[in-house]
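# Results of the structural survey
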Amino acid sequence: MTIILPMSQSNNKHETSPALIFDTAVLQNATTIPSQFVWPEHEKPSSDLPELRPTYIDLSGLHTGDHDAIVEASRLIGEECLKHGFFLVGDHGVEPEVIAEAHRCMDHFFRQPLDRKQRLERKPGEHCGYSSSFTKRFSSKLPWKETLSFEYKESKGRYSDNIEEYFRGTLGGEFSRLGKAFQEYCGAMSKLALRIMGLLALSLGVKPENFVDIYEENESIMRLNYYPPCKEPDQALGTGPHCDPTTITLLHSDNVPGLQVFHNDQWWSVAPNSDAFVVIIGDTFTALSNGRYKSCLHRAVVNRQNPRKSLAFFLCPKKDKVVAPPSELLDSDQRRLYPDFRWQNFLDFTQNHYRADMNTLEAFSEWIIEESKKKQCKNNDMSTL
């Protein structure tokens, strides 16, 4: 097995050239984009793609307790997951003002000068913080975007204000508004995600609590994405092709197109819908469902005129949780398609050993098996001493 180390395509663990500074204020005046942002020919985007229209799934039955509506929603979710690994949910119960305020605060953050944003700079090996195109982690096929990622902790029966503390502690009291807005938004996302996990369980014929109980206390990741205009959008990608390593992603974007998914051996564009959330199946859910639902391969493209922004909430279990499918999803011989794992180990794998793509879960599974063999050999050697 070959593990792709994150610093470059050549698998060198340490960067040998200075990291590029991705400063949109400077790059917007250039006539071409730096070579580090140019993708290989077979991965370059196309502007002329068919549009994929996912089924709009009404979640209002969750609020009214309408049993028939809940069953129908779970059935439609199952169909969409089997087709292409993502679906669209509306009538979700999240207050429009909560979403609007999160977007306003995201705009405010990305308008800050680069040096201020860099006060939250993401450190090597960590999954949270500010990143300007991951220039300090990768040296080629760079994404044309800025991101800010931070952790949300949901504790049963206890209010968490870790996001408020994060913004106050790193940017100062004048950014308390952002911390409060994202704290409220993440709380709403966590609540919605748990309801969707219940529907996913029903769609698989599993008791909802089998999935919901795993995530009642979660350590999820919130990411703000900013894709600035690009002088050569046919050469670059906002985000390269990948499957999210997390459980499910709740995505809400502005009205600028950019999301594309891979289905039936080709790329399709997905039109933005500000009244709905796009729910994307991730690798951890693939393992949790024992491969019944495959994670969705997707990417983001950029354009010449308009910036695009999106809010992505990645539902994750607590880091010490073991991800293992319920017995109802095992074959008669109890065969697992993927080894059981702790979420912390998968997260560390994606941050320190592997650049997320369409094969992350398979590579991680092989890595677990190899590491287990090494440990067993070491134990055997020790026992002979």
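Relevant structure appears above.
Below is a summary of the structure that appears in this document. Per chain, residue numbering runs from 1 following the sequence as it is written. For a predicted model such as this one, the threshold for reporting local features is a pLDDT of at least 70, and the threshold for listing and counting side-chain atom pairs is 80 or more; totals across whole chains, interfaces and linings nevertheless cover every residue. Hydrogens and waters are ignored; side-chain quantities use all the structure's heavy atoms.

## Points about the overall build of the chain
Elements are defined by DSSP. Helices are runs of H or I of four residues or more, strands are runs of E of two residues or more, and each kind is numbered from the N terminus. A count of helices and strands for the chain gives eleven helices and 14 strands. Each radius of gyration is computed over the set of C-alpha atoms, and the globule rule expresses the reference value as 2.2 Å times the number of residues to the power 0.38. A compact globule built from 385 residues would reach a C-alpha radius of gyration of about 21 Å, and the chain, at 21 Å, matches this within 12%. By residue count, 54% of the 385 residues in the chain fall in the buried class. In this description, contact between two residues means that some pair of their heavy atoms is separated by no more than 4.5 Å. A sequence separation of at least 24 residues applies to 77% of the contacts in the chain between residues at least 6 apart. Just so you know, the count uses Lys and Arg for positive and Asp and Glu for negative, and it drops His and the chain ends. Lysine's charge is taken at NZ, arginine's at CZ, aspartate's at CG and glutamate's at CD. In the chain, 44 side chains carry a positive charge and 52 a negative one; their mean positions are 5 Å apart. Summary of the burial criterion: residues with accessible area below 20% of their type's maximum are buried, those above 50% are exposed, and those between are partly exposed, where the area comes from a 1.4 Å probe applied to protein chains only.

## Some details on unusual backbone geometry
At D91, a residue that is not glycine, the phi angle is positive and equals roughly 50°. By the secondary structure assignment, D91 is in the loop between β2 (86–90) and α4 (96–110). Residues other than glycine seldom take positive phi values, yet S133 does so here, at roughly 70°. Its place among the elements puts S133 in the loop between β3 (129–132) and β4 (146–154). For S133, a relative accessible area of 1% translates into the label buried.

## Some words on the pattern of salt bridges
For this document, the term salt bridge refers to a Lys or Arg side-chain nitrogen within 4 Å of an Asp or Glu carboxyl oxygen. Scanning all chains against the criterion turns up 18 salt bridges. Its salt-bridge partner being E80, residue K83 comes within 3.5 Å of it at the nearest N-O pair. Placement of both K83 and E80 in helix α3 (residues 67–84) is noted, with a separation of three residues, approximately one turn of the helix. K83 sits in the partly exposed class, given a relative accessible area of 48%. In this structure, R177 engages E101 in a salt bridge whose closest nitrogen and oxygen atoms are separated by 2.8 Å. One end of the pair, R177, is in helix α7 (residues 176–203); the other, E101, is in helix α4, with 76 residues separating them in the sequence. We classify R177 as partly exposed; its relative accessible area is 44%. Look at E101 and you get buried, because its relative accessible area is 17%.

## Digging into the pairing of strand β10 (residues 277–281)
The element β10 is largely enclosed, with a buried count of five among its five residues. Every second residue of β10 is oriented toward a common face, with F277, V279 and I281 on one face and V278 and I280 on the other, all of them buried.

## Things to note about the environment of D23
Within the element layout of this structure, D23 appears in the segment before α1 (24–27). D23 gets classed as partly exposed once you look at its relative accessible area, which sits at 21%. In this structure, the C-alpha to C-alpha distance between D23 and S133, residues 110 residues apart in sequence, is 9.4 Å.

## Looking at the side chain of N218
Note that N218 resides in strand β5 (residues 218–227). Only 2.9 Å separates the side chain of N218 from the side chain of S220, close enough to count as a polar contact. Once residues lying within four places of it in the same chain are set aside, the contact partners of N218 are Y152, K153, E154, S190, L315, C316, P317 and K318. In the analysis that follows, any N or O atom pair within 3.5 Å is treated as a polar contact, provided that within protein one partner can donate a hydrogen and the other can accept it, and provided that, for residues neighboring in sequence, both atoms belong to side chains.

## Observations concerning the packing of α3 against α7
Closest axis-to-axis distance for the α3/α7 pair is 8 Å, and the angle between their directions is 75°. Judged by the angle between their axes, α3 and α7 are roughly perpendicular. When α3 is examined against α7, the residues I70, A73, S74, I77, G78 and C81 are found in contact with a partner set consisting of L199, L200, L202 and S203. Broken down by class, the residue content of the contact of α3 with α7 amounts to seven nonpolar, three polar and no charged. A fitted line through C-alpha atoms serves as each axis, taken over the contacting stretch for helices, and the angle formed by two N-to-C directions is quoted from 0 to 180°. By the definition adopted for this analysis, an angle is roughly parallel if under 35 degrees, roughly antiparallel if over 145, roughly perpendicular if from 65 to 115, and oblique otherwise. When residue character is reported, Ala, Val, Leu, Ile, Met, Phe, Trp, Tyr, Cys and Pro are called nonpolar, Asp, Glu, Lys and Arg charged, and the others, Gly included, polar.

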